[in-house]
Amino acid sequence: MNNSTAFEIARGQHIVILPLGAWEQHGPHLPLHTDSLIVEAVVASALSRLPDQQDSFFVAPTISITASDEHDGFNGGLSCGTQALVDSVVAIARSASWARGVCIVNGHGGNTDALKGIATALEYENIRATQWSLPSYQGGDMHAGHTETSLLLHLHPELVRRDKIETGAVDINASDVDTMRAHGVQAVSSNGVLGNPLTASAQHGEHVLNLYTESLLRTLNYCLDAWPR
């Protein structure tokens, strides 16, 4: 649907998928737009498994600068902050009055607080919307570690600086999370890595992509079933 003109889009027929990525440090070995690359791949993978329903979805451009204040102190990052993200996503959803609804697909853990505000505002305005975020899984880690490095090795191996891979802070506990929320990632991990990317593999990345895809598929099928044309 994304190559359509305005006059080729019928009112009330399409579900908008709004991906949220990030532009932030991912250690010395992964690019700044890692979260955006991952969430876009998950969306594409999920839609590929709905061949008869692909025309029911309109994939909006990824919002690639979101709430990444916790990565302040590292070079290259950009953040709009939580409230600006809330305001932007609510305004975008409000503008999609021509759609059946909006499915917000989140690829960045730092957007959690914003998503709560977004849900409250959209419910108050009676705007049909739902949210999905990358699910956790047994053995996964938080940031630029085993999980994300494996995904990039599978999706975009040419972007992984293999000679720069190094472990970061591992065994993150609740106290570490509180420290990061108060003082940023750099207070816990000097290289910005939360996990161990040395154990990453493309094979594991493929497994994780399938896990994420199946999870998002359940949300997309819910939208198709619950939101009438």
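Above this text sits the structure in question.
Residues numbered from 1 in each chain as written. Predicted model: local features only at pLDDT ≥ 70, side-chain atom pairs only at ≥ 80, totals over all residues. Heavy atoms only, no water.

Caption draft 1: Quick peek at the overall build of the protein chain. Secondary structure assignment for the protein chain yields six helices and four strands. Its helices and strands in sequence order give the protein chain the pattern β-α-β-α-β-α-β-α-α-α, from N to C terminus. On C-alpha atoms alone, the protein chain measures out to a radius of gyration of 18 Å, which is about the 17 Å that the 2.2 N^0.38 rule sets for 229 residues. With the C-alpha coordinates aligned to their principal axes, the bounding extent of the protein chain is approximately 50 × 35 × 30 Å. Across the 229 residues of the protein chain, 46% fall into the buried class. Restricting the contact set of the protein chain to residue pairs at least 6 apart, pairs at least 24 apart contribute 80%. Of the roughly 11100 Å² of accessible surface on the protein chain, 49% is carried by carbon and sulfur atoms. (Helix = DSSP H or I, 4+ residues; strand = E, 2+ residues; numbered from the N terminus. Rg over C-alpha atoms; globule rule 2.2 N^0.38 Å. Buried < 20%, exposed > 50% of the residue type's maximum accessible area, 1.4 Å probe, protein only. Contact = heavy atoms within 4.5 Å. Areas by Shrake-Rupley, 256 points an atom, 1.4 Å probe, with all protein chains shown as cover.)

Caption draft 2: Structural view of the pairing of strand 1 (residues 15–20). Of all six residues in strand 1, six are buried; the element is thus mostly enclosed. Relative to strand 2 (residues 57–59), strand 1 runs parallel, the two sharing three bridges. For I15, the partnering residue across the bridge sits in strand 2 and is F57. Crossover strand 1 to strand 2 through helix 1 (residues 34–48) is right-handed. Pairing geometry for strand 1 and strand 3 (residues 101–106), over six bridges, is parallel. Paired with V16 across the strands is V102, a residue of strand 3. (Pairing = 2+ DSSP bridges. Right-handed = clockwise from strand over helix to strand, strands pointing away.)

Caption draft 3: Just the packing of aromatic side chains, in detail. Under the defined criterion, the tally for this structure stands at one aromatic pair. Centre to centre, the rings of F58 and W98 are 5.5 Å apart; their planes meet at 80°, and the pair counts as edge-to-face. Residue F58 is located in strand 2, and its partner W98 is located in the loop between helix 2 (82–95) and strand 3; the two are separated by 40 residues in the primary sequence. (Phe/Tyr/Trp six-rings, centres within 6.5 Å; stacked < 30°, edge-to-face > 60°.)

Caption draft 4: Layout of the pattern of salt bridges. Tallied over the full model, the rule gives three salt bridges. Here R49 and E214 are joined by a salt bridge, their closest N and O atoms 2.4 Å apart. One end of the pair, R49, is in the loop between helix 1 and strand 2; the other, E214, is in helix 6 (residues 202–226), and 165 residues separate them in sequence. Residue E214 is classed as partly exposed on the basis of its relative accessible area of 37%. Taking the shortest distance from any N to any O, the salt bridge between R94 and E125 comes out at 2.6 Å. (Salt bridge = Lys/Arg side-chain N within 4 Å of Asp/Glu carboxyl O.)

Caption draft 5: View of the side chain of D35. For D35, the position within the fold is in helix 1. Within polar-contact distance, the side chain of D35 engages the side chain of H26 at 3.1 Å. Of the polar contacts made by the side chain of D35, one reaches the side chain of H108; its length is 3.2 Å. (Polar contact = N/O pair within 3.5 Å; in protein donor to acceptor, adjacent residues only side chain to side chain.)

Caption draft 6: The arrangement of the nonpolar core in detail. One finds I17, F57, V105, Y212, L216 and L220 to be the most contacted residues of the largest nonpolar core, which totals 35 residues. Elements supplying a minimum of two residues to this core: strand 1, helix 1, strand 2, strand 3, helix 4 (146–155) and helix 6. Residues V86, V89, A99 and I104 belong to the second largest nonpolar core, which totals 20 residues. (Core = buried A, V, L, I, M, F, W, Y, C linked by side-chain atoms within 4.5 Å.)

Caption draft 7: Just the environment of T62, in detail. Looking at where T62 falls in the secondary structure, it is placed in the loop between strand 2 and helix 2. In this structure, the C-alpha to C-alpha distance between T62 and N106, residues 44 residues apart in sequence, is 9.8 Å. Not counting residues up to four positions away in its chain, the partners in contact with T62 are P19, L20, G21, S36, V39 and E40. For T62, the side chain forms a polar contact with the side chain of E40, separated by 2.7 Å.

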